[in-house]
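Read off the chains here:
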Amino acid sequence: MMDRAALRLILLGVFLISASLGVKKKQNVDIYSFYINSTVTSRYATTVITSRVANTLNESQEIQFEVKIPKNAFISKFRMTIEGKTYDGVVKEKEEAQQQYNQAVSRGQSAGLVKSVGRTLEDFKTSVTVAAFSKVTFELTYEELLKRRLGKYELLINAQPMQPVADFKMDVHIQEKPGISFLEVKGDLSTGDLANAIKTTRADKDAWVTFYPTRDQQTKCKSCGENGLNGDMLVTYDVNRQNPNGEIMVSKGYFVHYFAPSNVPRISKNVVFIIDQSGSMSGQKIKQTRLALLRILSDLDEDDHFGLITFDSEVNLWKRELLKATEENLKNAKSFVKEIRDRGATDINAAVLAGVDMIKRHPREGTASILILLTDGDPTTGETNIEKIMANVKEAIGTKFPLYCLGFGYDVNFDFLIKMSLENSGVARRIYEDSDADLQLQGFYEEVAVPLLTDIQLKYPGGSNLTKTSFSLYFNGSEIVVSGQITDNSVESFTTEVIAVSKGSNVTYQDNTMTKDTSDVPPENEDFMQRLWAHLTVKQLLDRQVLLKGQEKEDEKKESLKLSLKYQFVTPLTSMVVTKPQEGDVEVANKPKEGERGGESTADYYDSDLSHYPVQHSLQAAKIIAVDDFDLYDHPLPTYLYDHPLPTYAFPTMHTTTPPAVQVHSNRFLLPVVGQSKPLCFDVPVPHKLRLLQDSASEFSMNGESLSEQNGFHQIAIHYKTNHHLIISTKSISYHNGQDNVEILWGQELTQHNTDGVSLVVLENEMNVTMGNIGVVIISHKKDGVMFLWPAIWEYPKDVNLTGVLGKSDISYVKTNGSQTPTLKMKDKEVKTYLETVSDYRLHSTPTRECWLVPFQAVMEAEISDFTVTQL
């Protein structure tokens, strides 16, 4: 299983041929050189990805370049070189770039480059037409300030060029003034024959990691094949911290101060966990929350005090007061956590105020107090006005302690959580609905588990244009970073002063550094300090936008835009305009807002009725293998299966609900559609044997058999390559790998089986299956005394060409007006439809969902017989 830690810097270089979307290797395009060069100077990482490609076809063709970059990074340069001529991207104010973009679109030309993909990545994509037997060079540069978490910095480089490359080079150079305390290289690209291609060199203040695999080696790693490299390399490091005053660097009138003392006694803490248990937290979310809380409680120190609050339409306190984390109290708290159940509405206002009151009623000198709120939705009862809630919470806390807000999934109003946390000296973090959500929750707690200092103020006499200098808490394993300009270039030394509180007592850290000492900065990186300052300044100005109003907000926005343009950063205020050689064809790269994909708002991707069944819940069930270069957000979600009792009426009317029925005459499949609030659905009569899912490239297939007058499937068979066969029935599970047979019964304790690219995990009434790069979940249901199975897809790479009833993902529709009968326009054809309500058996809680019912043939563009099989 791959390392699932979410706190990483990810650099993913991908080159695709647009005609094939990277599914098959093309012989008429040769990627003859692919370089990834990352230089980290005093935590500031600059990465350049360069791909050189030859069109070996005797006619022109379009060649696509695609890379994934960290969301926290700013693109700062892009260029294409074709036949000796260079085409540079130019960063402009977003409105100006949009005008140029609109003009290009009006001429029928292409546009749109950057979109968010998943937790930590944004996707940069462009293409260009290259003449016969000609070459093109793509070069992309982006910059990011690495953030220290849990005592280390992490640099993850994932390479997937889509074919073996004759000249593939990956170079990482780390330069740290205080010296590097440890360095570790791991990941798929460091296994097997590829380990011989990695070379690590250490010096006092430098480290180099090179990765130069041969063509032959590029096909022999654990996840590699005929398409070449496909895996990651994780470089983890930290620096020496002998000076408790921190590390100060000065260069060309700019400075940066890294403050991370470790020889400080820990402060005992008062922590209150405020947990949303409303109905929308049902299923996997509430299970993972319980699991994470049990682990977190086990990690509390005995001198910590804690409280537990759950809320729905009511606020429930485990105990009215904070209790010491004794063995007996923790045992009782865990019993309480195990009984947390989803129900009711969401009263965030009352819950947070109860948490504030609990801390205020039990003050302890020399301690640090923390509020942690976990919710997955909007306030729906009690005080529901967001502005009033934020005002109430801000007044109640009164800057005395921080509020950390964890937003579970995409239903939540994340902008609200960001603003409320920032107003109260905290941060907001999205918890992604995935198999590792419990680890994400636990990981966040570990970051704030050990407070060392409170009320930190940093002062820099002679400094100006400073980044943030006031911090409420400093946690072990983190780092405070301040950068600014030195106003008097004639001074020979620069003084720093840090004033903080340690266990109730004031402490002061003072230091001086020589302003002329630039020997630690290589000539080629002399401007990194200025760019680091600009990067951090822009980041913090943008973060403050949600807190400001009126003229102050406009002034800071103008300053952020000014710096973005000066340093050519692609930020939410700017866009990169790329003019291509085809008659001035224009593309525009915009930086997406958190929660957006493809530059569109989340509302375009998720339901307006977020309390029932948002599309993103497709990521909720457990994945067994977390593969970080899989992109679960980069393509329309697959089809999901629903049962459908035949209505007793002839024609359903708008907003009717399917009445109870004893007999089931068809299974109903539901197909989410990107950009539409309501999905499509279609029926398949029972009984049937269906090809549910197939990926010919990886030799994966899943078939299902239904019985007459019964819901779902009574048996599902999954096959992988020639020797892996899994038969799942309502009574038992049988797996054969060509040598061994494994028999598993439903209802027994947690069972796991891992072998040869196959992972099987059986829970009480749910089975998670990963074979190769395809992940599915099978849920066992019981209705009216009859057991049945329900399948769904949970992970697959974006370049896989899935077929089968569950594999449809490229559908779209437009609702037309003017007819008494609802009509959808699909594939240039008008299709009559009805609004239906169905049950979602993909979740144990079986929520209901509205969908537009259309004929099978209209959606699948084929007959049902084309998807039937003779045997499972």
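Per an unreviewed UniProt entry, the protein carries the name Inter-alpha-trypsin inhibitor heavy chain H3-like and comes from Cyprinus carpio carpio. Checking UniProt for the protein, the heading Subcellular location (unreviewed entry) contains the comment "Secreted". Heading Sequence similarities (unreviewed entry) of the UniProt record for the protein holds this comment: "Belongs to the ITIH family."

J.: Would you take a moment to explain the pairing of strand E43 (residues 751–755) for this structure?
T.: If a strand is regular, its side chains alternate between the two faces of the sheet. In this sheet, strand E44 (residues 758–762) lies alongside E43 in antiparallel orientation, the contact comprising five bridges. The residue bridging His753 from the neighbouring strand is Leu760, located in E44. In this structure, the hairpin formed by E43 and E44 is closed by a connection of two residues, where Asp756 is found at a positive phi of approximately 50°.

J.: What is the right way to look at the side chain of Gln545 in this model?
T.: By the element assignment, Gln545 lies in the loop between helix H8 (528–544) and helix H9 (550–566). What Gln545 contacts, discounting residues up to four positions off in sequence, is Lys553, Glu556 and Lys557.

J.: I keep staring at the state of the cysteines and nothing clicks. Help me out?
T.: Under the definition given, this model contains one disulfide. Across a sulfur-sulfur distance of 2.2 Å, Cys681 and Cys851 are joined as a disulfide pair. Judged by the sign of its S-S torsion, about 75°, the cystine formed by Cys681 and Cys851 is right-handed. Of this pair, Cys681 sits in strand E36 (residues 680–685) while Cys851 is found in strand E52 (residues 848–853), placing the two residues 170 residues apart along the sequence.

J.: Just checking my understanding: could you explain the side chain of Asp304 for this structure?
T.: Summarising the element assignment, Asp304 is placed in the loop between helix H2 (284–299) and strand E20 (305–311). Leave out the neighbours within four places in its chain, and Asp304 touches Arg266, Ser268, Lys269, Leu323, Lys324, Ala325 and Arg364.

J.: Explain helix H3 (residues 327–338) here, please?
T.: The α-helix winds at 3.6 residues per turn, so residues separated by three or four positions along the chain end up facing the same way. Given a rise of 1.5 Å per residue, 12 residues ought to cover 16 Å, and the 17 Å separating the end C-alpha atoms of H3 matches this to within 8%. Among all positions in H3, only Asn329, Leu330, Ala333 and Val337 are buried. An end-on view of H3 places all buried positions within 95° of arc, on one side of the element. Exposed residues lying more than 90 degrees from the buried face of H3 are Glu327 and Lys331. Taken together, the buried residues of H3 touch H2, E20 and strand E22 (323–324).

J.: I tried to follow the packing of H2 against H3 on my own but got confused; where do I start?
T.: Relative placement of two packed helices is described by the angle separating their axes and the distance separating the axes. Between H2 and H3, whose axes approach to 9 Å, the crossing angle comes to 175°. Looking at the two axes, H2 sits roughly antiparallel to H3. Residue-level contacts link Arg290, Leu293, Leu294, Leu297 and Ser298 of H2 to Leu330, Ala333, Lys334, Val337 and Lys338 of H3. In terms of residue class, the contact of H2 with H3 is built from six nonpolar, one polar and three charged.

Basis of the calculations
Residues numbered from 1 in each chain as written. Predicted model: local features only at pLDDT ≥ 70, side-chain atom pairs only at ≥ 80, totals over all residues. Heavy atoms only, no water. UniProt positions renumbered as here; feature names shortened; annotations may be inferred. Pairing = 2+ DSSP bridges. Helix = DSSP H or I, 4+ residues; strand = E, 2+ residues; numbered from the N terminus. Contact = heavy atoms within 4.5 Å. Disulfide = S-S within 2.5 Å. Expected span 1.5 Å × (residues − 1). Buried < 20%, exposed > 50% of the residue type's maximum accessible area, 1.4 Å probe, protein only. Arc of directions from axis to C-beta. Axes fitted to C-alpha atoms, helices over the stretch in contact; angles between N-to-C directions. Parallel < 35°, antiparallel > 145°, perpendicular 65-115°, else oblique. Nonpolar A, V, L, I, M, F, W, Y, C, P; charged D, E, K, R; others polar.

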